[in-house]
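# Descriptive structure summary
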Amino acid sequence: AFPVQFQSSRFLAVVGRQHQPGFFEALVPRRELLGSVSRSHLELVLTPGAGGAVMLRRLSGNPLVLDAQPLEREAALPVRHGARLSFCTGAGGGAAGSAAASQGSSPFLVLRIALRSRGDIGREGPHPSVSWWANSAETLHHGVDAKPSPPAQSPAPAVCTPPLASLQACGAQAALPPATLECSHAQGQEAVLQMLPAEAKAITLPREGEAFDLGRAHQHGFFEQLLRAEPSWLAFISRSHCRVTVLPQATCSGTAEGTAWKGCMLKVENLSANVVLVGGKHLARGHSDIIVEGGSLGFVARGPSDVVGTETEFLRFALRGPSRLPTENTTLIRL
């Protein structure tokens, strides 16, 4: 979940990958679907003189459905408490995007809008996402020692929350993929990294035998979020940097319990002219190597302060098995 905030004298919030960094990437790990969520997908507006009605306007050329009604691009409709926003696949602005949604394109993500009054917040307390996002923003902008801002006393924000059924499905599905690459080091973000939820700093890998590309063109916004403190390092992450494949597990016994997640291994092929570290060893373009569970994949470059012959490992990931993934209950609490 995430809160939407007041700006100036109007209740205005833009929703999209640019405005809720890491949120959509965590819920939509498939990059072909994530591309259907625009950087600025929709806008929620409340004008004080409009009788308190919240209006939703579609900004994107990608389809968007409010309850069961496809929205035209730039069209604005009032929204109610509990309304559901469905993100669907498709392309094209205006009628083309609406036609894709109306022709039965299945939604890959559904969010529920919760509108709460001051009285609701007074009785029930603020939604947990309000303090989480506020503290995260304060830390990212001012450092880990910054004091969090006090809660705003303005009218209650709206909160976009996936429905309970979707939350439970997200938690159950998280246990299915065989492994993740979890960020253990990001240059300039060491303290902040500890505060990020696992979903914001981990890449979910496919099942055994399936190839999967890593790079700025494939994990939209993910590397930018991790390196936001020192974005100059992004120049050394290629659009398609590595191709990884989860290898069959090494067996330790004949029982399912004995073989479960023993010896998880990942094959890494470097597709980029930029060198990577696999288990601490340099891997040049066109070469491959293997990481075992607990091993590392590092991104390196020569920084401006590095002497000749040295380099900086500005980003490092560790290979984790499914035991490190959030459980269903943890996922529900975090969201």
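Residues numbered from 1 in each chain as written. Predicted model: local features only at pLDDT ≥ 70, side-chain atom pairs only at ≥ 80, totals over all residues. Heavy atoms only, no water.

### Describing the nonpolar core
Here is the rule: Within this scheme, the nonpolar core is defined by two criteria: the residues are buried Ala, Val, Leu, Ile, Met, Phe, Trp, Tyr or Cys, and they are joined through side-chain atoms within 4.5 Å. In this scheme, a residue with accessible area under 20% of its type's maximum is buried, one over 50% is exposed, and one in between is partly exposed, where area comes from a 1.4 Å probe on protein chains only. Helix and strand definitions here come from DSSP, where helices need a minimum of 4 consecutive H or I residues and strands a minimum of 2 consecutive E residues; each element is numbered from the N-terminal end. Pairs of residues are marked as contacts when any of their non-hydrogen atoms sit within 4.5 Å.
In this structure, Leu205, Leu315 and Phe317 are the most contacted members of the largest nonpolar core, which totals 35 residues. When contributions to this core are tallied by element, the ones reaching two or more residues are strand E11 (180-186), strand E13 (211-214), helix H9 (222-226), strand E14 (242-247), strand E15 (265-270), strand E16 (276-278), strand E19 (296-301) and strand E20 (312-320). Not counting residues up to four positions away in its chain, the partners in contact with leucine 315 are Cys183, His185, Ala186, Phe223, Leu226, Leu227, Ile237, Leu297, Gly298 and Phe299. One finds Val28, Leu34, Leu71 and Leu109 within the second-largest nonpolar core, a separate group that totals 24 residues.

### Considerations on the pairing of strand E3 (residues 42-46)
Here is the rule: Here, a strand pair is defined by DSSP locating no fewer than two bridges between the strands.
Burial within E3 is extensive, with five of its five residues counted as buried. With burial as the criterion, each face of E3 is covered, one bearing Leu42, Leu44 and Leu46 and the other bearing Glu43 and Val45. Sheet topology places E3 next to strand E4 (residues 54-58); four bridges connect them, and they run antiparallel. Considered in E4, the bridge of leucine 42 is made with arginine 58.

### A few points about unusual backbone geometry
Note on backbone geometry: most residues besides glycine have negative phi, and most peptide bonds are trans. In the Ramachandran plot, aspartate 67 falls in the positive-phi region, its phi being about 55 degrees despite a non-glycine side chain. Residue position: aspartate 67 is located in the loop between strand E5 (64-66) and strand E6 (69-70). A relative accessible area of 35% means that aspartate 67 is categorised as partly exposed. Phi angles above zero are rare outside glycine, and glutamate 74 is one such case at about 70 degrees. Within the fold, glutamate 74 resides in the loop between E6 and strand E7 (76-79).

### Some points on the pattern of salt bridges
As a reminder, the rule being used: Any Lys or Arg side-chain nitrogen found within 4 Å of a carboxyl oxygen on Asp or Glu counts as a salt bridge.
With the rule as written, the count across this model stands at seven salt bridges. One salt bridge in this structure joins arginine 30 and glutamate 32, with 2.8 Å as the shortest N-O distance. The class of glutamate 32 is partly exposed, set by a relative accessible area of 48%. A salt bridge links aspartate 289 to lysine 281, with the nearest nitrogen and oxygen atoms 3.5 Å apart.

### So, the sheet that holds E15
Note the following rule: In this analysis an axis means a line fitted to C-alpha atoms, helices contributing only their contacting stretch, and an angle means the value between N-to-C directions, from 0 to 180 degrees.
As summarised here, the arrangement of the four strands in space is E13-E14-E15-E18, forming an open sheet in which the pairing is antiparallel. Of all the strands in the sheet, just E13 and strand E18 (288-292) have a single pairing partner and so form its edges. Between one strand and the next, the sheet's axes are offset by a mean angle of 30 degrees, whatever the strand orientation. With four bridges connecting them, E13 and E14 associate as antiparallel partners. Bridge pairing in E14 links alanine 211 to threonine 245.

### Examining the packing of aromatic side chains
The following threshold applies: Here is the rule: rings of Phe, Tyr and Trp (six-membered ring for Trp) pair when centre to centre is within 6.5 Å. Planes less than 30 degrees apart are stacked, more than 60 are edge-to-face, and the remainder are tilted.
Overall, the coordinates contain ten aromatic pairs when judged by the stated rule. A ring pair is formed by phenylalanine 23 and phenylalanine 24, whose centres lie 5.1 Å apart and whose planes are at 90 degrees; its orientation type is edge-to-face. Overall, the relative accessible area of 6% leaves phenylalanine 23 in the buried class. Residue classification places phenylalanine 24 among the buried residues on the basis of a relative accessible area of 0%. With a centroid separation of 6.1 Å and 50 degrees between ring planes, the pair formed by tryptophan 233 and phenylalanine 236 is classed as tilted.

### A look at the environment of valine 275
With respect to the secondary-structure elements, valine 275 resides in the loop between E15 and E16. You can call valine 275 partly exposed: its relative accessible area is 28%. Along the backbone, valine 275 and isoleucine 237 are 38 residues apart, and their C-alpha atoms lie at a distance of 9.7 Å. Residues within four places of valine 275 in sequence aside, it is in contact with Asn270, His282, Leu283 and Val300.

### Focus: the environment of glutamate 210
Mapped onto the fold, glutamate 210 is located in the loop between strand E12 (202-204) and E13. Sequence-wise, glutamate 210 and leucine 247 are 37 residues apart; in three dimensions their C-alpha atoms are separated by 8.8 Å. Ignoring sequence-local partners within four residues, the contact set of glutamate 210 consists of Val244, Thr245 and Val246.

### Description of the sheet that holds E16
Spatial ordering of the open sheet is given by E12-E11-E20-E19-E16-E17, a layout of six strands whose pairing is antiparallel. With partners counted over all chains shown, the strands left at the sheet margins are E12 and strand E17 (281-283), one partner each. The mean inter-strand angle of the sheet, taken between neighbouring strand axes irrespective of direction, is 30 degrees. Two elements, E19 and E20, share six bridges in a ladder whose sense is antiparallel. Bridge pairing in E20 places leucine 297 opposite phenylalanine 317.

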